[in-house]
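# Structural features, examined
One-letter residues, chain by chain:
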Amino acid sequence: MSAILKVENLVKYFPIRAGVFKRVVAWIKAVDGVSFEINEGETVGLVGESGCGKTTIGMVLLRLYEPTSGRIIFDNEDTTYFFMPALRARSYIKRTYVDKFNALLKELGSKDAVVNALEGVDRRYAEMFFSEAKSSTGKFCSLLLSNMDEKRKQFRKNVQIVFQDPYSSLNPRLRIKSIVGEGPAVHKMVKGEKELINKVRSVLEDVGISGDYMYRFPHEFSGGQRQRIGIARALALSPKLVIADEAVSALDVSIRSQIINLMKDLQHEHKLTYLFISHDLSVIKYVSDRIIVMYLGKIVETAAKKDLFDNPSHPYTRALMSAIPIPNPNIKKERIILKGDVPSPVNPPSGCRFHTRCYMAQEICSKEEPQMREISPGHWVACHFAK
Amino acid sequence: MRVETRRTLRRLLRNPSAVLGFSLLIFFTLIAIFAPLICPPQSYDPYMIPIVTWDKTPQPPSEGHPFGIIDGRDIFYGVVWGTRTAFKVGLTVTLTSTLVGLVIGSIAGYFGGWLDEVLMRITDVFLSIPYILAAIVMTAFLGMGLDKVMISLIIFGWMATARLIRANILQAREEQYVLAAKALGVSDFWVITKHILPNTIFPVLIQATMRIGSLVITAAALSFLGLGAPVGYADWGALLNFARNWLLGASGEALRYWYAIVYPGTAMVLFVLAWNLVGDALRDAFDPRLRG
Amino acid sequence: MEKKPVLSVKNLKTYFYTEDGIVKAVDGVDFDVYQGETLGIVGESGCGKSVTALSILRILDEKGRIVEGQVLLDGVDLTKIEEQDMRKIRGKDIAIIFQEPMVALNPVFTIGDQIMEAIMLHQKVDEKTARNMAVDLLRKVGIPEPEKRIDQYPHELSGGMRQRAMIAMALSCKPKVLIADEPTTALDVTIQAQIMELMKELQKEYGMAIMLITHDLGLIAENADRVVVMYAGKVVEYADVKTLFNDPKHPYTWGLLHAIPRLDIEQTRLYNIPGVVPDPLHFPPGCKFNPRCEFKEERCTREEPQLIEVGENHTVRCFFWQKVDEAKKRKVGEFV
Ligand SMILES: Nc1ncnc2c1ncn2[C@@H]1O[C@H](COP(=O)(O)OP(=O)(O)OP(=O)(O)O)[C@@H](O)[C@H]1O
Ligand SMILES: Nc1ncnc2c1ncn2[C@@H]1O[C@H](COP(=O)(O)OP(=O)(O)O)[C@@H](O)[C@H]1O
Ligand code: SF4
Ligand code: SF4
Ligand SMILES: [Mg+2]
Ligand SMILES: [Mg+2]
């Protein structure tokens, strides 16, 4: 299995502006240094409480928000600079690659040594830099920045989203045909009206909606049907990665299971990779292969589903698991009740961000930030005391 | 949609003030359309009120001059053809200034950032100048005449629309279907025209409807000040301007020349009322949340 | 020992007379609430949970009317008494907390003002005493520094704190019945756990009856003593909590329990209840669940089933509930 998406040190801050001149008075640290990978064909669940940065990560991955810093590699291509203005993109490329390659060259002595010391995208770019671009910064930038429109289009086609709210996620003034057909039309995947209609019909039928409904408006459908249409809109582009941001949270219990099952079936049929965002750990448990737990802009624990549930190691993960009511009156479980509220992401607590509510906190926790540690293969935890 | 349309229509028809507004509007429209039949023009420019007598003192309604005569001109003719002027001024100014506001507001709202900042500061500057005063100065600068009045009303009339549309867009920009369209790779232009504007345009149209009426008052005020239409032009404001000199009537007979004020005045008030009622009705019909 | 219910709802029907027709939001609801106990009301959105609560308090909007049935509080039928007598009962004998505390709290008054108003409405105390009582209440519901918080406005509090303030207000007159309509749906799970814990403690202390309205079967399993399952305006099953979860008899209850993703068991595939919740303007004839029911027979589309007793304190609205038992036998041990 290879990583289709690789996120390194992703940061997204939102400015808080005030006063007549709209000066930035503070930053909301919505996502503050997050790294993870998603392998082709798997479902990664992203779980955490409201405001912890889940949606922000999704939006940055889709590049509906520009990241503040960090690197996003999709399908073996650095896509971080794809939507930056040219000058910013150049300076990003120089900072991230040219400076690094030159420093390495000084250290290792030969170009081949540099190339061999690197892997993945870095290696490919190093080869390009030294051979094709002949070590010229300008040439290298032009190489990477060539064909930008095409690259952007490909990216848009490959990464799609399914939203939470089945009501506000469909334009109320458009017919289903225009909603689902918009993507294929923009990407010129179909020629002419007839092909478009066929395409829309087949996608709609994939998600369990009769093609005859394509001339209706969104309000003529129920919440569950609208969510199906939202999924069809994403699928119409045959994407590789689908980000599902609380895609089933707004649905009724009986409809939710229909949509979850549908999304699982579609994953098999279309070889999709999912980033499944939810605040509901039971949904996440059901759909995911691997799970990422976030708290206040940071990842606190990530592991394969089984490892996480057999051996939850971060105190927050444990509290989260214990807080979820179990629909079984025969089980009386010990509950960890956390103190207080989630702190504000404007001034996150020092050291470990969880220390203000952690039932295991020691003195060190408020002083030193715990780093991610691998406590067993593939199981990473950011807590000083995790074993 | 059909159910919605039917429900909207039903809501409109059940509201008596809406029915009154629409009836008035239809009435004025008919007058404007059939003006050449009601009062056949007598010179090559039908908008010039024909002079029927050289006696400048107002003369009460009589056979052939049902609304009386002022400044030697037939008030009835002026009121009838003034309807056309009112429509012309109201519609042209509203449409153009709304369009200007729409473009400026859309750009500011959609792109945000410094562009928004600059455009909104400009809007603020324009807003800080009193409307009438600005129009007066502007007309004085451009010279007299109805077209000049219209130009200055457009120049100083787009800001409210710009602000409204910007606020709506800022809201719509966060709608998930807009984000979804962007994620599909739809270009900015299409995102605005296909996804944002159609969902934000209604409040603007309603606002514009209401403004048509009040614009006629503003134009009349300028005419009243002698800045608008040339002497003898079929314009309600100009008619009232004539009446100004005779306002008080002779001593002891304060209301002697009532017809000089009442007919053009009533036409104007009803016209403004019609647009306001229609605007109100549209607002209620299309978005009950907008009430209050 | 036969306990006597504090609140009994009998055959309640509440209809809304809308432009598009009659919405039978509540169409035959029966249950009893006992002192010191929690009655859970569970069902999907639109099934009539909230309208039931609003009907008990008689705070429906002008389109809604209670057309039939009784709401007995200690034997007095609340649907029959005068509005001014009803006003004395609201907040004093029956209090309610809503899903969205931000909507239920007035944004222009401090939370202190609002709690004090609730106190002074039903108790003859002066302002100073009321303020002290309000501070005590805020402390009791776990708001830190209540002397300071009392002068803050709702928007200055977090969602969890606002819900605590709402609870403080509801408790101000020690009501006999507390109706909690989705009290934690807008909150995060860790905060939800705090609030549910708090409600349990307060229930013990005050001995009040709680009506817990929710769509979350987990909350019901952990907090309710008896459960009402609603579908399309009707009670379809009523039982004590263990019986309901271990031995559901109605096809809908059975389906719901299979359709939710769960932490406590391994699931390979979730059960699908096919179809959608029916539109209240176009309910199907016969059993309202029949278009989605796996066990339906011809009779279900013709005739409406009544609630029948299938065990001790266990009633079900279904002709063919034995079929669910048979289906369960095929999948033994699922819920035990
Ligand atoms: N466009 C924005 N401008 C300013 N702040 C923002 C913006 N979007 C998100 N934030 C802030 O960033 C933080 C993370 O928000 P995000 O929406 O990612 O949370 P989330 O984990 O998805 O929560 P939820 O479960 O409620 O959806 C929050 O404090 C939020 O208020
Ligand atoms: N004020 C109202 N006017 C018309 N219909 C209403 C009103 N309030 C609720 N309803 C309808 O009554 C039914 C039950 O609603 P409700 O009790 O709020 O559901 P829930 O079980 O989610 O709390 C729904 O079909 C809803 O649309
Ligand atoms: S580092 Fe300390 S505060 Fe943070 S989770 Fe671990 S024990 Fe708790
Ligand atoms: S009465 Fe018939 S349709 Fe209704 S729940 Fe029972 S078996 Fe199903
Ligand atoms: Mg979110
Ligand atoms: Mg409700």
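Anything mentioned here points back to the structure above.
In this text the structure is predicted, and so the values were computed from the model without any measurement.

## Let's talk about the overall build of chain B
The helix and strand inventory of chain B stands at 12 helices and 2 strands. Ordering the α and β elements of chain B from the N terminus gives α-α-α-β-β-α-α-α-α-α-α-α-α-α. Along the first, second and third principal axes, the C-alpha atoms of chain B reach 75 × 45 × 40 Å. When burial is assessed residue by residue, chain B has 47% of its 292 residues classed as buried. Taking the contacts inside chain B whose residues are at least 6 apart along the sequence as the reference set, 74% of them involve residues at least 24 apart. Seen as two clouds, the 23 positive and the 18 negative side-chain charges of chain B have centres 8 Å apart.

## Structural notes on the overall build of chain A
Counting its secondary structure elements, chain A contains 14 helices and 12 strands. For chain A, the C-alpha radius of gyration of 23 Å lies close to 21 Å, the compact-globule estimate for 387 residues. In terms of overall dimensions, chain A has C-alpha extents of about 65 × 60 × 55 Å along its principal axes. A fraction of 62% describes how many contacts in chain A between residues 6 or more apart in sequence connect residues 24 or more apart. Of the accessible surface of chain A, which amounts to about 16400 Å², a share of 51% is contributed by carbon and sulfur atoms.

## Things to note about the site of ligand 3
Near ligand 3 lie 13 residues; those nearest to it are His 314, Cys 352, Cys 358, Cys 365 and Cys 383 of chain A. Of the residues contributing to the shell around ligand 3, the split by class is 10 nonpolar, 3 polar and no charged.

## Some thoughts on the site of ligand 4
The full set close to ligand 4 counts 13 residues, and Cys 287, Asn 290, Cys 293, Cys 300 and Cys 318 of chain C are the nearest of them. Looking at the shell around ligand 4, its residues break down into 10 nonpolar, 2 polar and 1 charged.

## A look at the sheet that holds strand S5 (residues 76-77) of chain C
Hydrogen bonds along the backbone pair up the strands of a sheet, which may run parallel or antiparallel. Residue and element names in this part refer to chain C. A sheet is described by the order of its strands in space; here 4 strands give the open sequence S2-S1-S4-S5, paired in antiparallel fashion. At either margin of the open sheet sits one strand with a lone partner, and together these are strand S2 (21-34) and S5. Of the strand pairs in this sheet, strand S1 (residues 5-18) and S2 are connected by 10 bridges, and their pairing is antiparallel. Across the sheet, residue Lys 13 finds its bridge partner in S2, namely Asp 27. Across the sheet, helix H1 (residues 49-57) lies against S1, S2 and strand S4 (64-73), angled at about 110° from S1, the strand it touches most.

## Comments concerning the interface of chain C and chain A
Contact residues are listed per partner, giving 46 residues for chain C and 39 residues for chain A. Interface area, chain C with chain A, both sides summed: about 3700 Å², of which 55% is carbon and sulfur. Of all residues in chain C, Thr 190, Glu 222 and Leu 263 of chain C give up the largest surface area on contact with chain A, accounting jointly for 19% of the area buried on that side. Seen at the junction of chain C and chain A, the total is 3 salt bridges. Scanning the region where chain C abuts chain A turns up 24 residue pairs in polar contact (both at pLDDT 80 or more). Elements with a minimum of two residues in the side of chain C that touches chain A: helix H8 (189-206), helix H9 (217-223), helix H10 (241-246) and helix H11 (251-259) of chain C. Top element by residues in the side of chain C that touches chain A is H8 of chain C. It accounts for 7 residues.

## What to know about the interface of chain A and chain B
With 27 residues of chain A at the contact, the number on the chain B side is 19 residues. Summing both sides of the interface, chain A and chain B together bury roughly 2000 Å²; the carbon and sulfur share of this comes to 59%. In this assembly, chain A and chain B are joined by 1 salt bridge. A salt bridge links Lys 194 of chain B to Glu 182 of chain A; its shortest N-O distance comes to 3.3 Å. Our enumeration of links across chain A and chain B arrives at 10 residue pairs in polar contact (both at pLDDT 80 or more). Breaking the side of chain A that touches chain B down by element, the ones donating at least two residues are helix H1 (54-62), strand S6 (159-162) and helix H7 (176-186) of chain A. For the side of chain A that touches chain B, a count of residues per class yields 12 nonpolar, 8 polar and 7 charged.

## Some thoughts on the layout of surface pockets
Here the largest pocket defines a volume of roughly 1700 Å³. What lines the largest pocket is a set of 42 residues, and nearest its centre among them are Tyr 110, Phe 111, Gly 112, Gly 113 and Arg 173 of chain B. Only strand S1 (3-18) and helix H6 (148-158) of chain A together with helix H4 (75-111), helix H5 (113-128), helix H8 (159-173) and helix H9 (176-184) of chain B provide two or more residues apiece to the lining of the largest pocket. Broken down by element, the residue count for the lining of the largest pocket peaks at 7 residues, all from H5 of chain B. Considered class by class, the residues forming the lining of the largest pocket number 17 nonpolar, 5 polar and 20 charged.

## Side note on the pattern of salt bridges
Residue and element names in this part refer to chain A. If you walk through the whole model with that rule in mind, you get 49 salt bridges over all chains. Across the pair Asp 280 and Arg 256 runs a salt bridge whose closest N-O atoms are separated by 3.5 Å. Here Asp 280, found in the loop between strand S8 (273-278) and helix H11 (281-287), pairs with Arg 256, found in helix H10 (residues 253-270); they are 24 residues apart in sequence, far enough to count as distant. Looking at Arg 256, the relative accessible area reads 13%, which means it is buried. The salt bridge involving Lys 306 is made with Asp 310; its shortest N-O contact spans 2.7 Å. Highlighted residues: Lys 306 and Asp 310, both in helix H12 (residues 305-310), separated by 4 residues, approximately one helical turn. This pair shows no difference in class: Lys 306 is exposed, exactly as Asp 310 is. In the salt-bridge network here, residues are joined through shared partners; they are Glu 8, Arg 71, Lys 100 and Asp 122.

## Some points on the pairing of strand S10 (residues 234-240) of chain C
All names here are of chain C. Of all 7 residues making up S10, 6 are buried, and the element is well covered by its neighbours. In the sheet, S10 pairs with strand S12 (residues 314-316) via 2 bridges, with the strands oriented antiparallel. Within the sheet, the bridge partner assigned to Tyr 238 lies in S12 and is Thr 315.

## Examining the environment of Ala 162 of chain B
Inspection of the secondary structure puts Ala 162 of chain B in helix H8. For Ala 162 of chain B, the residues in contact, after removing those within four places along its chain, are Gly 101, Ile 104 and Gly 105 of chain B.

## Examining the environment of Arg 283 of chain B
With respect to the element layout, Arg 283 of chain B can be found in helix H12 (residues 258-286). When the C-alpha atoms of Arg 283 of chain B and Ser 106 of chain B are compared, they prove to be 21 Å apart, with 177 residues separating the residues in sequence.

## Observations concerning the side chain of Arg 162 of chain C
All names here are of chain C. Assignment of secondary structure puts Arg 162 in helix H7 (residues 159-171). Looking at Arg 162, the relative accessible area reads 15%, which means it is buried. In terms of polar contacts, Arg 162 uses its side chain to reach the backbone carbonyl oxygen of Pro 154, at 3.0 Å. In terms of polar contacts, Arg 162 uses its side chain to reach the backbone carbonyl oxygen of Leu 157, at 2.9 Å.

## Let's talk about the packing of helix H2 (residues 16-33) of chain B against H4 of chain B
Residue and element names in this part refer to chain B. Packing of H2 against H4 brings their axes to within 8 Å, and their N-to-C directions diverge by 110°. Judged on the interaxial angle alone, H4 and H2 are roughly perpendicular. Each of Phe 28, Thr 29, Ile 31, Ala 32 and Ile 33 in H2 lies in contact with H4, whose residues at this interface are Val 80, Thr 83, Arg 84 and Phe 87. In the contact of H2 with H4, the residues fall into 6 nonpolar, 2 polar and 1 charged.

## Some points on the nonpolar core
All names here are of chain A. Counting residues in each nonpolar core, the largest one holds 66 residues, and the members touching the most others are Val 180 and Ile 231. Not counting residues up to four positions away in its chain, the partners in contact with Ile 231 are Val 162, Val 207, Ile 259, Leu 262, Met 263 and Leu 266. Phe 74, Val 115, Phe 163 and Met 294 belong to the second-largest nonpolar core, a separate cluster that totals 59 residues.

## Focus on a nonpolar patch on the surface
All names here are of chain B. On the surface, Ile 26, Leu 30, Ile 33, Phe 34, Leu 37 and Ile 38 cluster together to form a nonpolar patch covering roughly 580 Å² of accessible area. Elements that contribute at least two residues to the nonpolar patch include exactly H2 and helix H3 (35-38). No other element matches the 3 residues that H2 contributes to the nonpolar patch. The residue Ile 26 is located in helix H2 in this model.

Cut-offs and rules
Residues numbered from 1 in each chain as written. Chains lettered and ligands numbered in written order. Predicted model: local features only at pLDDT ≥ 70, side-chain atom pairs only at ≥ 80, totals over all residues. Heavy atoms only, no water. Helix = DSSP H or I, 4+ residues; strand = E, 2+ residues; numbered from the N terminus. Buried < 20%, exposed > 50% of the residue type's maximum accessible area, 1.4 Å probe, protein only. Contact = heavy atoms within 4.5 Å. Lys, Arg positive; Asp, Glu negative; His and termini not counted. Charge placed at Lys NZ, Arg CZ, Asp CG, Glu CD. Rg over C-alpha atoms; globule rule 2.2 N^0.38 Å. Areas by Shrake-Rupley, 256 points an atom, 1.4 Å probe, with all protein chains shown as cover. Near = heavy atom within 4 Å. Nonpolar A, V, L, I, M, F, W, Y, C, P; charged D, E, K, R; others polar. Pairing = 2+ DSSP bridges. Axes fitted to C-alpha atoms, helices over the stretch in contact; angles between N-to-C directions. Buried area = accessible area lost by both parts, 1.4 Å probe. Salt bridge = Lys/Arg side-chain N within 4 Å of Asp/Glu carboxyl O. Polar contact = N/O pair within 3.5 Å; in protein donor to acceptor, adjacent residues only side chain to side chain. 1 Å grid on protein atoms, 1.4 Å probe; cavity = no way out; pocket = protein on both sides within 12 Å on 5 of 7 lines; lining within 4 Å. Points joined across faces, edges and corners; volume = space filled by probe spheres on them. Parallel < 35°, antiparallel > 145°, perpendicular 65-115°, else oblique. Core = buried A, V, L, I, M, F, W, Y, C linked by side-chain atoms within 4.5 Å. Patch = residues over 30% accessible without salt bridge, like charges linked within 9 Å, V, L, I, M, F, W, Y side chains within 5 Å.

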